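Examining the three-dimensional arrangement
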Amino acid sequence: MGRDEIGAEGLAAAIGLPSAVMLVVGGIVGVGVFVNPAIVARSVHSPAELLAAWGAGGVIALLGAFVYAELAARIPHTGGDYAYLRETYGPLPAFLNGWTLLLVVQTGGMAAVTIAFAKYLDVLLGGGVPQSLIVVLSLAALAGVNVLGVGAGNGVQGVLGAIKIAMIVALVLAGVLLVAPAREPPTSVVHGGPVAGLKAFGAAMIPVVFSYGGWQTANFVAGEMKDPRRDLARALVVGVLIVIACYLAVSWACLRALGLSGLARTLTPTADVLGLAIGPAGARVAAALVALSALGYLSQSMLTAPRVYFAMARDGLFLRRVGQVSEQTRAPALAILLQAIWAGVLALSGEYDRILGYTVSMNFLFFGLSGSALFVLRARERRPGATPAPAGFRAPGHPWTTGAFVLACALVVGSTFWSYRRESLMGYGLLLLGLPPYIYWRRKARRETELNGKA
């Protein structure tokens, strides 16, 4: 590996634009798109409302991509949100972001998706394989690939992502070309007033925004991109647009094949659509599609999320050894193993179900905080004598688009609290649990700095 391939943080700079696009797509598309159209259908009153919910979620994600693209151009460091919050608001918000990512948000999501992967793979294998064994083997295999280096991990993730997109396209074509349109029974007009309608639409948006979450995870590996200022910005916008197209197409195909009422009644919309298209084999094809998509999401998460813990450790805000890089592979091996082990513990313990209830609220709390960081950075560059901002992507329509994204994040947090108050409060309780370890590591880092200064 040549010297010019090693970044300033000791990591290998090996990710180009096509791979970055697949990282964005892989970070967003998990199993939600194959299940959540049915969940959304139970909250809305018309096909137009369902498609509007998925479109609104896509707009929020695109506005977020604009914001994160400029943040990446200004601060092209490993860690994504962690780096942006550290540079604008200081180490405490940055640490709490990384703390919740490890404890709840990323790892809980990975645990849930790992269980989904195990269930669907068991269906494909005909049953009889312990799900716990599949969980352990899948996480161990993905951790092993990523410990070999970012090239290996990114290669596997890219292949899985491309296959995933191809299978989504095949699903949509099957639902549109091989299934006759559903005949929707007449429905009565729902009365409840504008407040009830807004609450219902807000409830529908929760699974939508959950399905769109994850575009920001590509920013975690900015330090391993060949040209992060240019490629990451382009990848964010292109990747989010691809996902919006996929999500709207899947929702439309499900609506066309099943109708709104049929979609609302089912627990397995993808299997139902494929069953209508190709017969009894549809269930197994759907299981393969969901299993592959789950594996692709896990591969992307195993590649990206450990870089946040690596950045925290390099700043002295986490276990120091987690910030070490393998001399042979230039990968943060201990950070990767930590991610795999904790995800496995949550998956095997069954606690991930409760944890998932906390993720949307805390995710969008930090999304909004990171979005507001762009206002801080823009204000700094207007100060007399300030260093000019680096050339690169500028969020179109700022401050209006950035403000709209921050406001949307606040509305999602409020809607989540409104609909899931107990889970939201417990999530913020877990957030506050990060204060004692932060104080400990912060003081320890200061003492080490003082000792090194005296030496």
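Residues numbered from 1 in each chain as written. Predicted model: local features only at pLDDT ≥ 70, side-chain atom pairs only at ≥ 80, totals over all residues. Heavy atoms only, no water.

Glancing now at the overall build of the chain. From N to C terminus, the chain includes 17 helices and zero strands. For a compact globule of 455 residues, the expected C-alpha radius of gyration is about 23 Å, and the chain comes in at 22 Å, within 12% of that figure. Expressed as lengths along the three principal axes of its C-alpha atoms, the size of the chain is roughly 80 × 50 × 40 Å. Scored against the burial criterion, the 455 residues of the chain give a buried share of 54%. Residue pairs in contact within the chain that sit at least 24 positions apart in sequence constitute 82% of those at least 6 positions apart. Carbon and sulfur atoms form 66% of the exposed surface of the chain, whose accessible area is close to 18,800 Å². The distance from the centre of the 34 positive side-chain charges to the centre of the 21 negative ones in the chain is 4 Å. (Helix = DSSP H or I, 4+ residues; strand = E, 2+ residues; numbered from the N terminus. Rg over C-alpha atoms; globule rule 2.2 N^0.38 Å. Buried < 20%, exposed > 50% of the residue type's maximum accessible area, 1.4 Å probe, protein only. Contact = heavy atoms within 4.5 Å. Areas by Shrake-Rupley, 256 points an atom, 1.4 Å probe, with all protein chains shown as cover. Lys, Arg positive; Asp, Glu negative; His and termini not counted. Charge placed at Lys NZ, Arg CZ, Asp CG, Glu CD.)

Glancing now at helix H10 (residues 269-278). What H10 keeps buried is the set Pro-269, Thr-270, Val-273, Leu-274 and Ala-277. Looking straight down H10, one finds its buried side chains confined to an arc of 125°; they lie on one side. Those residues of H10 hidden inside the fold are in contact with helix H2 (32-41), helix H7 (150-177), helix H9 (228-265) and helix H11 (282-304). One or two residues past the end of H10 sits Gly-279, with phi positive at roughly 90°. (Arc of directions from axis to C-beta.)

A word on the environment of Tyr-297. Summarising the element assignment, Tyr-297 is placed in helix H11. Since its relative accessible area comes to 13%, Tyr-297 is described here as buried. For the pair formed by Tyr-297 and Gly-214, sequence separation is 83 residues and the distance between their alpha carbons is 9.7 Å. Setting aside residues up to four positions removed in sequence, Tyr-297 forms contacts with Gly-26, Gly-27, Val-29, Gly-30, Gln-106, Gly-109, Met-110, Val-113 and Lys-164.

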